[in-house]
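# Close look at the chain arrangement
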Amino acid sequence: MPDPGSPRVTRLLPDAVHQAVKPGTAVVRLQTTHDRRGVLDGAWWPCSRDIAAELPALISALTEYLGPLTRVGLDAGAWDALPTRLLVDDRVVHIDSFPVGDDTVLITRSDQDLFSLLVIPPHATPEAARTAMAEAVRADNITRAEQILIDTGTDRAAPKT
């Protein structure tokens, strides 16, 4: 039985995202072919900006569908603290800091397979998060993560001072 605290990862048709969503939800279009036409492979709505608390559940859930993940690319400025690696399910996952923006997380499986997820800000309303997730997982989506958040009214959190 899945851990109720872990994110819900759904192999979904776009309509499935309209089910109730809450922080801690991951909606992913798992398309592992080289002919990806969409900009994003899915979306993730973490409960907080504490990456050490949020990332293990996402990695565990994605590993169930994708197999072992080796790296995660994040923007250090978007999270409370960014370790260089985490131990998740007895496997080391390396964490790289990239200026990808706080609205994207990059997941690497093996050396060449890269998945890009829209990150919904923790403070987003369920309606805005649901709308942003639906756009992110559309197979023909060509809209970048930042624009999806702007278009859906899911503004980024205020910068830390």
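Definitions and limits used
- Residues numbered from 1 in each chain as written.
- Predicted model: local features only at pLDDT ≥ 70, side-chain atom pairs only at ≥ 80, totals over all residues.
- Heavy atoms only, no water.
- Core = buried A, V, L, I, M, F, W, Y, C linked by side-chain atoms within 4.5 Å.
- Buried < 20%, exposed > 50% of the residue type's maximum accessible area, 1.4 Å probe, protein only.
- Helix = DSSP H or I, 4+ residues; strand = E, 2+ residues; numbered from the N terminus.
- Contact = heavy atoms within 4.5 Å.
- Polar contact = N/O pair within 3.5 Å; in protein donor to acceptor, adjacent residues only side chain to side chain.
- Salt bridge = Lys/Arg side-chain N within 4 Å of Asp/Glu carboxyl O.

A few words on the nonpolar core. Side chains that are nonpolar tend, in soluble globular proteins, to be buried together. Trp44, Leu55, Ile59, Val72, Leu74, Val105 and Ile107 are the most contacted members of the largest nonpolar core, which has 21 residues in total. Breaking this core down by element, the ones donating at least two residues are α1 (51-66), β4 (71-74), β5 (85-88), β6 (91-97), β7 (104-109) and β8 (113-119). Looking at this core element by element, the count peaks at six residues for α1. Aside from chain neighbours lying at most four places away, what touches isoleucine 107 is Ile59, Leu62, Leu69, Arg71, Val72, Asp113, Leu114, Phe115 and Leu117. Counting residues in hydrophobic clusters, the runner-up holds 13 residues, among them Leu40, Ala132, Met133 and Ile148.

Along α1, the residues classified as buried are Ile51, Glu54, Leu55, Leu58, Ile59, Ala61, Leu62 and Leu66. Measuring from the backbone nitrogen of alanine 52 back to the side-chain oxygen at the start of α1 gives 3.3 Å, which picks out aspartate 50 as the cap.

Turning to the pattern of salt bridges, a few remarks are in order. According to the stated counting rule, one finds three salt bridges in the structure shown. A salt bridge links aspartate 96 to arginine 71; the shortest N-O distance between them is 2.7 Å. Here arginine 71 lies in strand β4 and aspartate 96 lies in strand β6, a separation of 25 residues in the sequence. Judged by relative accessible area, aspartate 96 falls into the buried class, the value being 18%. With a shortest N-O distance of 2.9 Å, aspartate 140 and arginine 138 are connected by a salt bridge. Residue class for aspartate 140 comes out partly exposed when judged on its relative accessible area of 49%. Among the residues examined, arginine 138 registers a relative accessible area of 29% and is labelled partly exposed. In the salt-bridge network here, residues are joined through shared partners; they are Glu135, Arg138 and Asp140.

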